[in-house]
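Below are the chains, spelled out letter by letter.
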Amino acid sequence: MKEMLKRLNIKYPIIQGGMGNVSAPSLVASVSEAGGLGTIGCGTMEPKVVDRLILETKDRTDKPFALNIPLSVNAHSKELMDLAIQHDIKVVSLSAGNPNPYISILKEKGITVMAVVASVGHATKAEAAGADLLVAEGFEAAGINSPVELTTFTLVPQICKHVSIPVVAAGGIADGYGLAAALMLGASGVQMGTRFIATEEAPYHALYKEKVLQATELSTIVLGRPHGQVRRVLKGVYSEKLLQVESSLDDKAYREHTSEHQHQLGAVKGDDTNGFMNSGQIAGLIDDLPTVKDLIKSMMNTARQQLDKKRKEISALTE
Ligand SMILES: Cc1cc2nc3c(=O)[nH]c(=O)nc-3n(C[C@H](O)[C@H](O)[C@H](O)COP(=O)(O)O)c2cc1C
């Protein structure tokens, strides 16, 4: 954990993952201010839009924050890397594509590179290409996931066994119990998305937050399996209709139906009929709307207490 905290220059091992075109400086800065690492997701945005988000985040915090570049999703990945260099962003996370050709370019400029991976093979290749940290993301996570569909609980220890750089667990973590469990699996910290939707500072539509608060363990569905681009979203009018017809669409039409336009309609406008809302399976556990600061504080307290309690319990067992 120490190495991860040092590399990212943060106080607590909690990262807010990139959130596509709905990434918001208010949330990113709140996470960094609270001692975690906020991340601006570039989604499909043009570099000039991301430039504005970076400037706005810098106005709100002087703490480190990251830039997430989803490689296969954004057509301007190279320019976004230049933007990160230009703005002296200390950490870049690369997801949704092969990060390996870009890692050395960023590292030469002193940037810490996190690669989001979902299999042991991708993890070892990213390590060999020079990644500083890995985010091991399980299939229970919100948003675009890997079609290999491995869960966090199986993925994290297997990746930890095969690499020597710090691994951050993502997917299915929303509280201090999840943080403690991830650490016990060998992770150095956690990355969360769904939990941060239901926070005071997240500028998403009230309906999106309400749907996360009301969600059960069965409230998400997986779109895109026939098209090789798997995405976990909340059940809703639009997403359930799309699930029914997706196999009759060609890949291009499917992607047009799951573009950042529909993402923004769902997440920001609360339009459940024409847009979708990304969410992970852990939404069923979330039932409050704390500030980011209170959330991080309570996660750290719970993790400390639980690890201590379980250590005592297991020590008391006779051999
Ligand atoms: C609204 C939303 C948008 C997301 N967009 C991205 C993205 O653009 N790039 C990315 O790497 N991950 C994206 N994710 C995934 C998160 O960064 C994070 O890894 C994931 O949500 C962790 O799993 P959890 O939802 O169970 O906490 C998104 C998640 C959410 C909730």
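Residues numbered from 1 in each chain as written. Predicted model: local features only at pLDDT ≥ 70, side-chain atom pairs only at ≥ 80, totals over all residues.

Considering the domain arrangement of the protein chain
Reasoning step 1: As assigned here, the protein chain comprises domain 1 (2-203 + 292-315) and domain 2 (206-282).
Reasoning step 2: Centre-to-centre separation of domain 1 and domain 2, based on C-alpha positions: 22 Å.
Reasoning step 3: Each partner contributes to the interface: domain 1 provides 20 residues, whereas domain 2 provides 19 residues.
Reasoning step 4: Mapped by element, the contributors of at least two residues to the side of domain 1 that touches domain 2 are β7 (143-145) and α9 (194-197).
Reasoning step 5: It is β7 that contributes the most residues to the side of domain 1 that touches domain 2, three residues altogether.
Reasoning step 6: By residue class, the composition of the side of domain 1 that touches domain 2 is nine nonpolar, 10 polar and one charged. (Domains from an automatic or database assignment. Contact = placed C-beta atoms within 7 Å. Helix = DSSP H or I, 4+ residues; strand = E, 2+ residues; numbered from the N terminus. Nonpolar A, V, L, I, M, F, W, Y, C, P; charged D, E, K, R; others polar.)

Digging into unusual backbone geometry
Reasoning step 1: For Asn9, which is not glycine, the phi torsion reads 55 degrees and is therefore positive.
Reasoning step 2: Considering the arrangement of structural elements, one finds Asn9 in the loop between α1 (2-8) and β1 (14-16).
Reasoning step 3: On the neighbour-count criterion, Asn9 (12 C-beta atoms within 10 Å) is exposed.
Reasoning step 4: We note that Asp88 has phi near 55 degrees; this positive angle belongs to a residue other than glycine.
Reasoning step 5: Position of Asp88 relative to the elements: it lies in the loop between α4 (77-86) and β4 (91-95).
Reasoning step 6: Residue class for Asp88 comes out exposed when judged on the 11 C-beta atoms lying within 10 Å of it. (Buried ≥ 20, exposed ≤ 12 C-beta atoms within 10 Å, placed from the backbone.)

Some details on the packing of helix α8 (residues 176-184) against helix α14 (residues 292-315)
Reasoning step 1: At a minimum axis separation of 7 Å, α8 and α14 run at an interaxial angle of 55 degrees. Taken together, α8 and α14 sit at an angle that is classed as oblique. Crossing of α8 against α14: the hand is right-handed. Where α8 abuts α14, its residues Gly176, Tyr177, Leu179 and Ala180 lie against Ser298, Met299, Met300, Asn301, Thr302, Ala303, Gln306 and Leu307. (Axes fitted to C-alpha atoms, helices over the stretch in contact; angles between N-to-C directions. Parallel < 35°, antiparallel > 145°, perpendicular 65-115°, else oblique. Left-handed = near helix turned anticlockwise from the far one by under 90°.)

Considerations on helix α7 (residues 152-162)
Reasoning step 1: Here α7 has its buried residues at Thr152, Leu155, Val156, Ile159 and Cys160. Down the axis of α7, the smallest arc covering the buried residues is 120 degrees, so these residues share one side. Exposed residues on α7 whose side chains face more than 90 degrees from its buried face are Thr154 and Lys161.
Reasoning step 2: In this structure, the buried side of α7 is in contact with α6 (120-128), β6 (133-137), β8 (167-170) and α8. (Arc of directions from axis to C-beta.)

A look at the sheet that holds strand β5 (residues 112-117)
Reasoning step 1: Taken in spatial order, the eight strands of this open sheet run β1-β9-β8-β6-β5-β4-β3-β2, and their pairing is parallel. Two strands lie at the open edges of the sheet, namely β1 and β2 (38-41), each paired on one side alone. Put simply, the sheet's adjacent strands are angled 25 degrees from each other on average, direction ignored.
Reasoning step 2: Bridging between β6 and β8 involves four bridges; their strand directions are parallel. In the strand pairing of β8, Val135 is matched with Val168. (Pairing = 2+ DSSP bridges.)

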